[in-house]
Structures are given as C-alpha cells and as structure tokens.
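# Architecture at a glance
What follows is the residue order along each chain.
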Amino acid sequence: MFLQAYDDPGNPWFSWRYVQDNTDTILAALREHLTLTAQAVLIAACVAIPLAVLAYWFRPLTGPILASSGVLYTIPSLALFAFIAPYVGTGTTTVLIGLVLYALLLIIRNSLAGLNQVPGAVRDAASGMGYGRFARLVRIELPLAVPGILTGLRLATVSTVALVTVGDLVGHGGLGTLLLAGFRNNFYKAQILTGTVLCVALALVLDLLWIGVGRLATPWLRRGR
Amino acid sequence: MNPLEQAYVWLNDPLNWTNPGGVLERLSEHLIISAAAVALGCLVAWPLGIWLGHRGRGGPIVVLVSNVTLAIPTVALLTILPLTVLGFGKPAVIAALTVFAVPPLLATAYTGIREVDRGARDAARGMGLSGGQLLWRVELPLAVPYLAAGFRTAAVQVVATATLASFVNGGGLGQIISAGFGLGMNAGGGQILAGGLLVALLALLVEGTLAVSQKVITPTGLRGRR
C-alpha cells in the first residue's frame with residue numbers, strides 16, 4: 001500500500017513507467033518524425049541543389065531564386081500549412097510539402113555560398129584541362145562545394161526536426177503529436193517531456209550523422225592540415 | 001465554392017473581424033505578445049552580446065546558444081513553460097518566444113562589436129578614450145547595422161512563431177487557423193486559408209517595414225559597406 005502510494009506521485013516530469021507502458025506509441029511517433037524529416041530533407045535537397053547550380057551558372061537568376069525562397073521562408077509555418085491543407089487535405093503530404101518549402105532556402109543559400117567559394121584559379125585550371133561546363137561542375141565544383149552544401153543540409157535537417165511538430169495541426173506531427181496529446185490529456189508531463197527530449201535527441205543524432213557523412217565525403221580536408 | 005472563394009467570403013464578413021476572438025482582437029494579441037517577446041529578448045541579449053563583444057570573449061557561448069535553441073521545437077517550449085511557475089497565459093507564451101528571439105539578437109550584437117575595425121579601435125584608444133567611451137562613441141555606432149539586422153531577424157521570426165501559440169490556446173492570429181481546422185476541412189477551409197493569408201501578410205509586412213527602417217537608421221557612412 002505505502003509502496004504504491006510512493007510509486008504514484010501524481011504528475012512527474014519523467015517516468016520510466018510511462019516509457020515502458022507506451023513504448024509502441026512512442027516508437028510510432030518517433031518513426032513518423034524520422035520518416036517525415038528524411039523525406040523532406042531529401043526532396044528539398046533534390047530541388048535546392050539544382051536551383052543553387054542554376055543560380056551559380058546564370059548570375060541574373062541568383063536574385064530571383066534567393067528572393068522567392070526567402071519569401072517562402074518568411075511565411076510562418078502555420079500559414080504555409082494553412083495554404084496547402086484546403087487543397088491537399090489533412091495528410092502527411094501537406095506536412096511534407098510545407099517542410100520541403102521551408103528547407104529550400106537554407107540549402108540553396110549555403111550550397112550557393114559553397115559553389116561561389118570555389119577559387120577562380122581552380123575553375124580556370126579545370127577549363128584549361130578540357131573540362132566542359134557540366135563535367136567541371138560534377139568533378140570539380142560540386143566536390144569543392146561539399147562543405148557549404150553540407151552546412152545547408154545540417155541546418156535544414158535540424159530545423160526540419162523541430163518543424164515537424166507543427167504538423168500536429170493536420171494530425172501528423174510525429175513527436176509533436178505525442179507531446180501535444182500529452183498537453184491536451186490533462187497536462188501529462190511525462191509524455192510532454194519524453195516527446196521533447198526525443199525530438200532534441202533526434203536533431204542531435206541526425207546532425208552528427210551529417211558531420212560523419214561530411215568527413216567521409218571530403219577526405220582531402222583531413223589530410224595535410 | 002473553392003477554398004479561395006470561401007476565404008474571400010470569410011474575410012468579407014465584418015463580424016469575423018469585430019466579434020470576440022475575431023481578427024482585430026487576435027491581431028492585437030499577436031502584436032502584444034510579439035512586441036513583449038522581442039523587447040524582452042533585446043533586454044537580455046543586447047547587453048550580454050555587447051559586453052561579450054567588447055571584452056572579446058564568449059564566442060563559443062554565442063554559437064552554443066544559437067545551436068541549442070535551433071534544435072528545441074517551439075511547440076515543446078510552448079507546452080512545457082505553462083506547466084512551470086509561469087502558469088498558463090501570456091507570460092509563458094512570451095517567455096517561450098523570447099527564447100527564440102535571443103539567438104539572432106545575441107549573435108549580431110556580438111559580431112557587430114567584434115567586427116569594428118581594429119584601426120578605429122586603436123585610434124580611439126590613442127586619443128585617450130576609456131573603455132566605456134570607446135564602447136559608446138566608437139563601437140556601438142559602428143555596430144548599428146548589425147544590431148538592426150539582428151532586430152529584424154528576431155522580430156520577423158517572433159511574429160511568425162507567435163502563430164504557434166494557438167497550439168496551447170495562447171491567443172494570436174494562429175487561433176483563427178486552428179479554429180478553422182477544428183471546424184473541419186469542408187466548413188473551415190475558407191477560414192483556414194483566410195487565417196493563413198492574414199498571418200503571412202503580417203509576417204511579410206513586418207519584414208518589409210523593418211527592412212526599410214534598417215536602411216534608414218544605418219549611418220550614412222556605413223551604407224553600402226555590407
């Protein structure tokens with residue numbers, strides 16, 4: 001009797017029992033969060049990096065591309081979801097479109113900065129060796145721009161992990177749905193904190209993952225320094 | 001009727017503006033919350049950033065603060081803070097938004113002071129200016145463009161983030177969107193879109209206004225240097 005009374009101190013900020021009893025729910029939320037983040041960042045990268053190359057090749061396009069993605073970035077995430085939902089409905093697609101549009105600017109800006117940092121002498125040498133525009137891009141310029149591109153991907157990933165929570169608006173917020181459900185369900189602190197901690201941990205793990213990818217992709221940066 | 005027409009109809013109903021919980025009330029809530037959060041952020045971040053920059057220390061702290069806050073979801077802070085001593089209501093929402101206003105303000109204040117030309121600093125020292133005079137007469141005026149840029153970033157971000165307060169019933173224009181979702185897509189589609197338009201318009205308006213004021217308050221000698 002006493003033990004049980006001690007075991008149940010009302011509404012603690014953390015409780016192992018909550019984690020044990022709800023492992024399936026927590027893992028499902030984590031899985032949704034991770035899937036949405038991965039899909040959003042990959043799609044955003046597939047759109048943003050070509051756009052950055054376009055802005056790099058054709059200078060007059062730089063302004064319009066950066067300005068339009070900047071406007072998209074300024075529009076609050078909630079409004080972005082509000083624009084998409086009436087047309088696409090309340091599903092993961094709505095969340096995904098919003099996340100992708102939001103991640104674009106970070107990747108475009110940093111990739112473009114990376115490409116612009118390629119020294120002119122290197123470009124000239126590549127042209128002198130007979131590289132065409134496309135071959136030069138793939139073999140010389142993109143590899144040298146990897147640090148910039150990676151900065152963009154890291155920022156996009158971390159901010160996307162945080163932003164997925166807003167998807168709760170249409171019922172698909174991953175860990176956000178978990179912690180908001182905890183809030184609405186009599187302010188269940190253990191559930192709220194578990195969701196938050198997992199969210200921050202996920203951002204951290206994915207960030208470290210990108211750092212690892214970056215080290216593998218740029219072996220020349222480690223040698224001779 | 002497509003959602004855009006519905007939104008047009010919704011926006012054209014005067015009661016949707018003047019009713020309790022209508023656009024005007026939500027807009028004033030939104031502006032009050034945002035202004036308080038930005039003001040509080042400036043009060044915390046500027047003295048700290050300027051002091052760290054003047055001393056030339058604490059760069060890693062500034063970077064750490066921005067990285068950590070980037071990873072914390074706004075929604076999480078908005079749900080956690082009302083359950084602490086702050087209690088439910090505006091103070092918790094303002095505190096949560098302040099956390100996200102601090103990093104850009106802190107980083108720009110620090111860099112603004114650090115980036116002051118060494119020659120200018122040495123010249124001021126040579127003319128016999130004390131540490132405080134150096135800060136007030138040389139470093140701060142030269143850091144104005146940075147401070148203004150940070151203020152703009154922070155303000156736009158806070159105005160945008162304040163919409164999320166609706167997740168915890170904290171007021172602001174986001175409430176209109178959430179209420180629309182509550183009605184369901186068929187009945188509330190127009191309201192959702194209308195709310196989205198209002199929020200987006202406000203964010204772009206704040207961004208535009210601050211971009212112009214940033215140009216105006218930048219001292220003439222510093223224009224076009226960045």
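As the structure is a computational prediction, the values presented were derived from the model and not from experiment.

## Topic: the overall build of chain B
A tally of helices and strands in chain B yields 10 helices and zero strands. Secondary structure elements of chain B occur, N-terminal to C-terminal, as α-α-α-α-α-α-α-α-α-α. A separation of at least 24 residues holds for 74% of the contacts in chain B among residues at least 6 apart in sequence.

## Observations concerning the overall build of chain A
Check the secondary structure of chain A and you find 11 helices and zero strands. For chain A, the sequential pattern of α-helices and β-strands runs α-α-α-α-α-α-α-α-α-α-α. A compact globule built from 225 residues would reach a C-alpha radius of gyration of about 17 Å, whereas chain A, at 22 Å, exceeds it by more than 25%. Structurally, chain A occupies a C-alpha span of about 85 × 50 × 20 Å along its principal axes. The contacts of chain A with a sequence gap of at least 6 include a subset with a gap of at least 24, amounting to 73%.

## Some remarks on the nonpolar core
Grouped together as the largest cluster of nonpolar side chains are 121 residues, with contacts concentrated most on Ala44, Leu99, Ala103 and Ile107 of chain A together with Leu78, Leu97 and Val158 of chain B. Per-element accounting of this core gives the leading share, 15 residues, to helix α6 (residues 90–114) of chain B. With residues up to four places along the chain from it excluded, the contact list for Val158 of chain B reads Ser34, Ala37, Val38, Leu97, Phe100 and Ala101 of chain B.

## What about the interface of chain A and chain B?
Across the boundary between the two partners, chain A contributes 31 residues, which contact 30 residues of chain B. Mapped by element, the contributors of at least two residues to the side of chain A that touches chain B are α5 (77–88), α9 (146–164), α10 (175–184) and α11 (189–217) of chain A. Take the side of chain A that touches chain B: its biggest share by element is eight residues, from α11 of chain A. Classifying every residue of the side of chain A that touches chain B gives 22 nonpolar, eight polar and one charged.

## Things to note about the confidence of the model for chain A
All names here are of chain A. The predicted model of chain A has a mean per-residue pLDDT of 89, with 95% of residues at 70 or higher. For chain A, per-element mean pLDDT is lowest for helix α1 (residues 2–7), which scores 43, and highest for helix α3 (residues 23–57), which scores 94. Here residues 1–8 is a poorly scored stretch, pLDDT under 50, and it has zero contacts once near neighbours within four places are set aside; other chains count.

## Some remarks on unusual backbone geometry
Of all residues except glycine, most have a negative phi; of all peptide bonds, most are trans. The phi torsion at Phe187 of chain A lies on the positive side, around 50°, for a residue other than glycine. Backbone geometry places Asn169 of chain B, a non-glycine residue, at a positive phi of 60°. Position of Asn169 of chain B relative to the elements: it lies in the loop between α8 (131–161) and α9 (174–183).

## Some words on the packing of α5 of chain A against helix α6 (residues 92–116) of chain A
When two helices pack together, their arrangement is captured by the angle between the axes and the distance separating the axes. All names here are of chain A. Where α5 meets α6, the axes come as close as 9 Å, and the angle between the chain directions of the two elements is 140°. When the axes of α5 and α6 are compared, the pair comes out oblique. The crossing of α5 and α6 is right-handed. Contacts from Ser77, Leu80, Phe81, Ile84, Ala85 and Val88 of α5 reach α6 at Thr93, Thr94, Ile97, Gly98, Leu101 and Tyr102. A per-class count over the contact of α5 with α6 returns eight nonpolar, four polar and no charged.

## What about the environment of Leu27 of chain A?
Residues and elements named next belong to chain A. Checked against the element boundaries, Leu27 lands in helix α3. Judged by the 11 C-beta atoms lying within 10 Å of it, Leu27 is exposed. For Leu27 and Ala156, which are 129 residues apart along the polypeptide, the C-alpha to C-alpha distance reads 23 Å.

Each value, and the rule that gives it
- Residues numbered from 1 in each chain as written.
- Chains lettered and ligands numbered in written order.
- Predicted model: local features only at pLDDT ≥ 70, side-chain atom pairs only at ≥ 80, totals over all residues.
- Helix = DSSP H or I, 4+ residues; strand = E, 2+ residues; numbered from the N terminus.
- Contact = placed C-beta atoms within 7 Å.
- Rg over C-alpha atoms; globule rule 2.2 N^0.38 Å.
- Core = buried A, V, L, I, M, F, W, Y, C linked by C-beta atoms within 7 Å.
- Buried ≥ 20, exposed ≤ 12 C-beta atoms within 10 Å, placed from the backbone.
- Nonpolar A, V, L, I, M, F, W, Y, C, P; charged D, E, K, R; others polar.
- pLDDT = per-residue confidence, 0-100.
- Axes fitted to C-alpha atoms, helices over the stretch in contact; angles between N-to-C directions.
- Parallel < 35°, antiparallel > 145°, perpendicular 65-115°, else oblique.
- Left-handed = near helix turned anticlockwise from the far one by under 90°.

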